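Close look at the chain arrangement
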Amino acid sequence: VESTVKESDVSALSKLMADMSFQERCSKTCGAEKMDQFRANHRKVESGDVGRVVEAVVNLYGAPHLRPSTILEKVADENAATGACWSLVTFMQYAAARSAAEGGVAPAS
């Protein structure tokens, strides 16, 4: 079950990163600077074990709402999309910090 959850989160993150209309909406919601940081942080996270980093973030912060699969479910709902943007930006900041703690590169801040 655990590997299936990790695979689901990795797949969801890929879909979120490929969804340019959602990212554009997030840029309007969170600001261009936050989205630039988000993309820089994603580049750092994607070079490692994304599934492990997702689990580490969710467990460390007790934040299942930051799972990419949970965020992806909210994208289609206009009423939840703003929260989904902030969750994704926050997740990526935490994930990049977690990657750095595991020997990667420090997150953009």
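Numbers given for residues are sequential positions, taken from 1 along each chain in its written order. Reporting in this predicted model follows two pLDDT cut-offs: at least 70 for local features of residues, and 80 or more for side-chain atom pairs to be given and counted; totals over whole chains, interfaces and linings ignore these cut-offs and use all residues. Here the side-chain values reflect all heavy atoms present in the structure, with hydrogen atoms and water set aside.

Looking at the secondary structure, you find Val5 in helix α1 (residues 2–18). Exposure remark for Val5: the relative accessible area of 30% places this residue in the partly exposed category. Here the alpha-carbon distance between Val5 and Val50, two residues 45 residues apart in the chain, equals 12 Å. Only DSSP runs of H or I with at least four residues qualify as helices, and only runs of E with at least two residues qualify as strands; both kinds are numbered from the N terminus onward. In this scheme, a residue with accessible area under 20% of its type's maximum is buried, one over 50% is exposed, and one in between is partly exposed, where area comes from a 1.4 Å probe on protein chains only.

Comment: axis = line fitted to C-alpha atoms, over the contacting stretch for helices; angle = value between 0 and 180 degrees taken between N-to-C directions. Put simply, helix α2 (residues 20–30) and helix α3 (residues 32–46) touch, their axes get as near as 6 Å, and they point 130° apart. As summarised for this structure, α2 and α3 are arranged oblique, according to the angle between their axes. Contact residues: α2 offers Gln23, Cys26, Ser27 and Cys30, while α3 offers Ala32, Lys34, Met35, Phe38 and Arg39. For this classification, under 35 degrees means roughly parallel, over 145 means roughly antiparallel, 65 to 115 means roughly perpendicular, and everything else is oblique. Contacts are assigned to residue pairs with any non-hydrogen atoms lying within 4.5 Å of each other.

So, about the state of the cysteines. The definition used for a disulfide is geometric: two cysteine sulfur atoms within 2.5 Å. Taken as a whole and judged by the stated rule, the model has 1 disulfide. Disulfide pairing places Cys26 opposite Cys85 at an S-S distance of 2.2 Å. Looking down the S-S bond of the Cys26 and Cys85 bridge, the torsion is -85°, so its handedness is left-handed. Here the residue Cys26 occupies a position in helix α2, and Cys85 occupies one in helix α6 (residues 78–101), the gap between them amounting to 59 residues.

This brings us to α2. Among all positions of α2, only Phe22, Gln23, Cys26 and Cys30 are buried. The buried residues of α2 occupy an angular sector of 95° when the element is viewed end-on, so they sit on one face. Counted as exposed and oriented over 90 degrees from the buried face of α2: Met20, Ser21 and Lys28. Backbone geometry just after α2 places Gly31 at a positive phi near 100°. Starting at the helix axis, one direction is taken to each C-beta atom, and the arc is that of these directions.

Mapped onto the elements of the fold, Ala76 is located in the loop between α5 (68–75) and α6. The spacing of Ala76 and Ala97 is 21 residues in sequence and 28 Å in space, taken between C-alpha atoms.

Further remarks concern α5. Among the residues making up α5, those that are buried are Pro68, Ser69, Ile71 and Val75. The arc that holds the buried residues of α5, viewed along the axis, is 160°, so those residues lie on one side.

Interaxial distance between α3 and α6 falls to 9 Å at its minimum, and their mutual angle equals 40°. One way to sum up the angle between α3 and α6 is to call them oblique. The chirality of how α3 crosses α6 is left-handed. Residues Lys34, Met35, Phe38, Asn41, His42, Lys44 and Val45 of α3 pack against Trp86, Leu88, Val89, Met92, Gln93, Ala95, Ala96 and Ser99 of α6. For any pair of crossing helices, the crossing counts as left-handed if the nearer helix is rotated counterclockwise from the farther one by less than a right angle, and right-handed if it is rotated clockwise.

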